[in-house]
Amino acid sequence: MNLQRKVEINMKELHAKAEELFVEMAGIGGDGAKETRMRRAAFEIRREMLETIAPVAGYSFYEKFNLKSACLEVFEDSGNRTAEFNCSGFSQIGPGSLEGVYAYAVSPGDFSFENRSVMDQLYGDIWGTAYTDALRDMTMDIISKDSAKSNSVGGSLGNTVISDSFGPGFYGMDTGELAKLPLLVDFDGLGIRISEGGGLLPVKSCGGLVFRVNGRYRPLDSVCRFCSGKDKECRFCRATD
């Protein structure tokens, strides 16, 4: 069954998560006069941006797939191939540990803040990243709960029912793979599109793949997490060619 679902977003929770992430990212969590002044200025910028914070998130689930080494094929229920993704990190996934493929996309809205001071633009950019990360975390929680309904995982993984997240810039997936994601997720319905340069618009949007897993799944090597896909520069990838 191919599930397509738009996420209902709890705005109070999203704001709270984004605020916590922003303070950490900006390094203004101290109690001194300088940090207090900077927080006040940063939250004033957020207040001005509230009208453009329009978060959307969605995901789909595909039960039929084929993973062979670094290549993932995803199929419709009919058996027709929908998309093919290549990612060096896939090679680390143990055989028989996956039960299905989730594809997701999120966008917090328009966080452009032009014709302002450099500091104001910096705060606007950090707010955008904070809201993206908060929205993505909330979406992963929802996907995890969806997976838990259909799968029971025991052993050393505890309550883990989804894999690490794979996407451009993570675990060796090239940024060019991003253009294939709309084949699995309804980008039009979310108001997300691929730019001419290959990125996502609005600019703080992101997306990727996660797997529904069983008890045989083991998390990937953490050193690969932020790999940008330059496999020929990696000792691990060269060793597995």
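Residues numbered from 1 in each chain as written. Predicted model: local features only at pLDDT ≥ 70, side-chain atom pairs only at ≥ 80, totals over all residues. Heavy atoms only, no water.

**Student:** Just checking my understanding: could you explain the packing of aromatic side chains for this structure?
**Tutor:** The description of an aromatic ring pair uses the distance of the two centres, along with the angle that the planes make with each other. Counted according to the given criterion, the structure contains eleven aromatic pairs. Geometrically, the ring pair formed by phenylalanine 61 and tyrosine 102 is tilted, given 4.7 Å between the ring centres and 50° between the ring planes. Residue phenylalanine 61 is located in strand E2 (residues 53–62), and its partner tyrosine 102 is located in strand E6 (residues 98–109); the two are separated by 41 residues in the primary sequence. Per residue, the accessibility class of phenylalanine 61 equals that of tyrosine 102, and both read buried. Seen in terms of ring centroids, phenylalanine 166 and phenylalanine 211 are 5.7 Å apart; in terms of plane orientation they differ by 70°. Their pairing is edge-to-face. With phenylalanine 166 in the loop between helix H3 (118–150) and helix H4 (187–190) and phenylalanine 211 in strand E9 (residues 206–213), this pair connects stretches of sequence that are 45 residues apart. We note that phenylalanine 166, like phenylalanine 211, is buried. Ring pairs connect the aromatic residues Phe22, Phe43, Phe111, Tyr123, Trp127 and Tyr131, which therefore count as one cluster. For arginine 46, the ring lying beneath its charged end belongs to tryptophan 127, and the centroid distance is 5.0 Å. The ring of phenylalanine 61 carries arginine 212 above its face, with NZ or CZ at 4.0 Å from the centroid. (Phe/Tyr/Trp six-rings, centres within 6.5 Å; stacked < 30°, edge-to-face > 60°. Helix = DSSP H or I, 4+ residues; strand = E, 2+ residues; numbered from the N terminus. Buried < 20%, exposed > 50% of the residue type's maximum accessible area, 1.4 Å probe, protein only. Lys NZ or Arg CZ within 6 Å of the ring centre and 35° of its normal.)

**Student:** What should I look at first to understand the sheet that holds strand E3 (residues 64–68) in this one?
**Tutor:** The strands making up a sheet are joined through hydrogen bonds of the backbone, oriented either antiparallel or parallel. Here we have three strands laid out as an open sheet, ordered E3-E4-E5, and antiparallel in their pairing. Edge positions in the sheet fall to E3 and strand E5 (81–86), since each of these pairs with one other strand and no more. On average, each strand axis in the sheet is inclined to that of its neighbour by 15°, with strand direction left out of account. Where E3 lies against strand E4 (residues 71–75), five bridges are found, and the strand directions are antiparallel. Along E4, the bridge assignment pairs lysine 64 with phenylalanine 75. (Pairing = 2+ DSSP bridges. Axes fitted to C-alpha atoms, helices over the stretch in contact; angles between N-to-C directions.)

**Student:** Any chance you could explain the nonpolar core here in plain terms?
**Tutor:** It is characteristic of soluble globular proteins that their nonpolar side chains tend to be buried jointly. One finds Phe22, Tyr102, Tyr104, Trp127, Tyr131 and Ile143 to be the most contacted residues of the largest nonpolar core, which totals 31 residues. Going through the elements one at a time, helix H1 (11–26), helix H2 (33–49), E2, E6, H3 and E9 are the ones with two or more residues in this core. Of the residues forming this core, the biggest block, ten residues, is contributed by H3. Dropping the residues within four chain positions of it, tyrosine 131 is found in contact with Leu14, His15, Ala18, Arg46, Ile53, Pro108 and Phe111. By size, the runner-up hydrophobic cluster in this structure holds 29 residues, among which are Tyr171, Leu181, Phe187 and Val213. (Core = buried A, V, L, I, M, F, W, Y, C linked by side-chain atoms within 4.5 Å. Contact = heavy atoms within 4.5 Å.)

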